[in-house]
Structure formats: structure tokens, C-alpha cells
Amino acid sequence: MDLKVYRNIKKIRELKNFTREYVSCELGMSTSGYGKIERGEVDLTVTKIIRLAAILEVSVSFIFNFNINDIFEETKKSKSHK
């Protein structure tokens, strides 16, 4: 799987202000095991991605397509229209 997906999971978690402990607990795994997911050290199953999306309160496609730069671009656009 593309490393971008793993980075996206971490970025989304951080933007939601969720701790690694919270997400790992919701997944029923250790914090260190969850850390391996965010670092791309383990392969994710479809089931785990679906579960992560539910915990992070986003869609699976959002995880795959998330781009932090889009948020900043949208902020710039809304400020320029004021």
C-alpha cells in the first residue's frame, strides 16, 4: 500500500485531536502496534482500514485521497473572498 495512506491516517488523527492511545484502544490493539500502522511498517487489511475510517469519522476514500494542502488552499481562498 502507498505510504501516503499511512501518513494520511496519522495526519487525520492529529487534526481530529485523537491520541494514538484512543485510536489503538478503539482498534483493540497496543499503542505500539498502532504506531506501526502510522509508520507504514505493517500492511493494513481492508477490514482495518474500514474500522479506522469509522474511528476517525471519515470515509475510506477520504483516507486514500486526503491532502493536507487542500485544507490550506481552501483557507486561503476563503480569506481572499472577504
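Structural data are supplied above this passage.
Quick summary incoming for the structure in this document. (Residues numbered from 1 in each chain as written. Predicted model: local features only at pLDDT ≥ 70, side-chain atom pairs only at ≥ 80, totals over all residues. Heavy atoms only, no water.)

1. A short note on the overall build of the protein chain
Looking only at helices and strands, the protein chain features 6 helices and 0 strands. Its helices and strands in sequence order give the protein chain the pattern α-α-α-α-α-α, from N to C terminus. Classification of the 82 residues of the protein chain by burial places 29% in the buried group. Residue pairs in contact within the protein chain that sit at least 24 positions apart in sequence constitute 62% of those at least 6 positions apart. (Helix = DSSP H or I, 4+ residues; strand = E, 2+ residues; numbered from the N terminus. Buried < 20%, exposed > 50% of the residue type's maximum accessible area, 1.4 Å probe, protein only. Contact = heavy atoms within 4.5 Å.)

2. Remarks on helix 1 (residues 3–15)
The terminal C-alpha atoms of helix 1 lie 18 Å apart, and with 13 residues this matches the ideal 18 Å at 1.5 Å per residue to within 8%. Within helix 1 the residues assigned to the buried category are Val5, Tyr6, Asn8, Ile9, Ile12 and Arg13. Along the axis of helix 1, the buried positions cluster into a sector of 155°, meaning they face one direction only. On its buried face, helix 1 is in contact with helix 2 (20–27), helix 3 (31–38), helix 4 (46–56) and helix 5 (60–65). Looking at where helix 1 begins, the residue whose side-chain oxygen comes 3.0 Å from the main-chain nitrogen of lysine 4 is aspartate 2. Directly after helix 1, the chain includes asparagine 17, whose backbone phi takes a positive value near 60°. (Expected span 1.5 Å × (residues − 1). Arc of directions from axis to C-beta. Polar contact = N/O pair within 3.5 Å; in protein donor to acceptor, adjacent residues only side chain to side chain.)

3. Notes on the environment of leucine 3
With respect to the helices and strands, leucine 3 occurs in helix 1. Between the C-alpha atoms of leucine 3 and arginine 39, which are 36 residues apart in sequence, the distance is 8.2 Å. With sequence-adjacent residues up to four places away left out, leucine 3 is seen in contact with Arg39 and Gly40.

4. Some points on the nonpolar core
If you look at the biggest cluster of nonpolar residues, it comprises 18 residues, and the most contacted ones within it are Ile9, Val23, Ile37 and Leu52. Of all elements in the fold, only helix 1, helix 2, helix 3 and helix 4 reach the threshold of two or more residues within this core. The biggest single contributor to this core is helix 4, with 5 residues. With residues near it in sequence (within four places) discarded, isoleucine 37 still touches Tyr6, Ile9, Leu27, Met29, Val42, Leu44, Lys48 and Leu52. (Core = buried A, V, L, I, M, F, W, Y, C linked by side-chain atoms within 4.5 Å.)

5. Describing the packing of helix 2 against helix 4
Axis separation between helix 2 and helix 4 bottoms out at 10 Å; the angle between their running directions is 130°. Considering the angle they form, helix 2 stands oblique to helix 4. Considering the relative orientation of helix 2 and helix 4, their crossing is right-handed. Side by side, helix 2 and helix 4 meet where Tyr22, Val23, Glu26 and Leu27 of the first sit next to Lys48, Arg51, Leu52, Ile55 and Leu56 of the second. Tallied by class, residues from the contact of helix 2 with helix 4 come to 6 nonpolar, no polar and 3 charged. (Axes fitted to C-alpha atoms, helices over the stretch in contact; angles between N-to-C directions. Parallel < 35°, antiparallel > 145°, perpendicular 65-115°, else oblique. Left-handed = near helix turned anticlockwise from the far one by under 90°. Nonpolar A, V, L, I, M, F, W, Y, C, P; charged D, E, K, R; others polar.)

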